[in-house]
Amino acid sequence: MNLVQIRFGNTLSGQIYQARQAQREFQKRLSAQPCDVQIETRTKTPSADLKLPYWPNMMRASLLNLILFIAVVFLYPEYHPTVHLTKSAFKAITVDIPETSQIKRPPPPPRPQVPLAVEGEEVPEDVTIESTELDLDKIFIPNLAMTKGIDLDEPLDYTEIDYKPHPSRIVVPEYPAEARKKGLEGKAMVKVLVDKVGNVEDVQFVHGPEIFKEAALEAARQYRFRPGKHQGERRKVWMFMPIEFSLKRQ
């Protein structure tokens with residue numbers, strides 16, 4: 001029975017059982033340690049419990065709001081605003097526009113006809129000019145560059161041209177045996193002349209180790225390019241091409 005009362009402590013019998021157990025424990029401790037001090041037990045007063053007056057206060061406030069709402073509806077059944085919107089006065093602007101009229105001007109005087117002097121017999125009125133046909137394919141139109149006095153065979157520098165030549169084939173140079181034996185590496189700069197077709201027409205050695213000169217020139221002669229253009233015409237262009245000699249790439 002005790003176990004049932006402890007398990008269901010929220011019931012009335014369980015609360016009575018817990019109160020008796022607390023009273024017995026208190027009496028046991030009081031008898032074990034007697035003293036002259038008066039001991040009073042304090043219990044929670046209903047006025048200090050905030051949960052108890054919550055729902056009554058909630059009901060009173062709701063009822064008061066309902067009464068006020070009904071009173072306002074009966075006292076002011078229709079709302080009449082104190083501020084009224086007035087229409088703005090229309091102001092008409094008058095502008096004096098002169099009446100337009102179309103003026104008919106007299107026709108221009110006829111152009112004077114000056115008779116042409118004709119040698120010999122007079123030209124009959126029924127004579128007409130014969131139709132002529134022009135063959136435009138047979139008409140020679142000189143090149144625009146030739147009319148401006150520009151020589152298309154004169155090579156240009158790559159900085160002066162609109163469309164620079166782009167390499168389409170680059171040949172790896174043959175590493176010189178002497179440089180390989182000595183373990184030498186370097187970079188040679190050559191100057192190539194790209195013709196209108198994209199072939200290398202001329203090669204010049206600019207700077208670099210002398211030991212790589214012949215190998216760099218031989219490789220540059222085998223280069224191929226997409227030809228450069230300037231003002232819509234293919235032109236010869238001088239290009240600078242660096243050729244690197246490295247033992248790691250061999």
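Residues numbered from 1 in each chain as written. Predicted model: local features only at pLDDT ≥ 70, side-chain atom pairs only at ≥ 80, totals over all residues. Heavy atoms only, no water.

Enquirer: Would you mind showing me how to read the pattern of salt bridges here?
Expert: Side chains that differ in charge, positive against negative, can pair when their charged atoms come close. All chains considered together, the criterion is met by four salt bridges. Residue Glu-201 is joined to Lys-236 by a salt bridge in which the shortest nitrogen-to-oxygen separation is 3.3 Å. Linking Glu-201 in strand E4 (residues 200-207) with Lys-236 in the loop between strand E7 (233-235) and strand E8 (237-245), this pair joins segments that are 35 residues apart in sequence. Relative accessible area serves as the criterion here: at 16%, Lys-236 is assigned to the buried category. Between Glu-218 and Arg-221 there is a salt bridge whose closest N-O contact spans 3.5 Å. (Salt bridge = Lys/Arg side-chain N within 4 Å of Asp/Glu carboxyl O. Helix = DSSP H or I, 4+ residues; strand = E, 2+ residues; numbered from the N terminus. Buried < 20%, exposed > 50% of the residue type's maximum accessible area, 1.4 Å probe, protein only.)

Enquirer: I would appreciate a short explanation of unusual backbone geometry in the present structure.
Expert: Glycine aside, residues mostly have negative phi, and peptide bonds are mostly found in the trans state. The phi torsion at Gln-231 lies on the positive side, around 60°, for a residue other than glycine. Examined against the element boundaries, Gln-231 turns out to sit in the loop between strand E6 (228-230) and E7. We classify Gln-231 as exposed; its relative accessible area is 55%.

Enquirer: Would you take a moment to explain the pairing of E4 for this structure?
Expert: Side-chain positions along a regular strand alternate between the two faces of the sheet. Here six bridges tie strand E3 (residues 186-194) to E4, and the two strands are oriented antiparallel to one another. Bridge pairing in E4 places Val-192 opposite Val-203. (Pairing = 2+ DSSP bridges.)

Enquirer: Help me understand the packing of aromatic side chains, please; the structure alone is not making it clear to me.
Expert: Describing an aromatic ring pair means giving the distance of the ring centres and the angle of the ring planes. One pass over the full model with this rule turns up six aromatic pairs. On the basis of an interplanar angle of 75° and a centroid distance of 6.1 Å, the ring pair of Tyr-158 and Phe-240 is categorised as edge-to-face. Taken together, the positions of Tyr-158 in the loop between strand E1 (156-157) and strand E2 (166-169) and Phe-240 in strand E8 put the pair 82 residues apart, joining distant regions of the chain. By relative accessible area, which is 30% here, Tyr-158 ends up partly exposed. Given the relative accessible area of 34%, Phe-240 is considered partly exposed. Look at Tyr-175 and Phe-212: their rings are 5.9 Å apart centre to centre, the planes differ by 75°, and that puts the pair in the edge-to-face class. Of the two residues, Tyr-175 is situated in the loop between E2 and helix H5 (177-182) and Phe-212 in the loop between E4 and helix H6 (213-220); the sequence distance between them amounts to 37 residues. Accessibility expressed as a relative area gives 6% for Tyr-175, which makes it buried. For Phe-212, a relative accessible area of 1% gives the class buried. (Phe/Tyr/Trp six-rings, centres within 6.5 Å; stacked < 30°, edge-to-face > 60°.)

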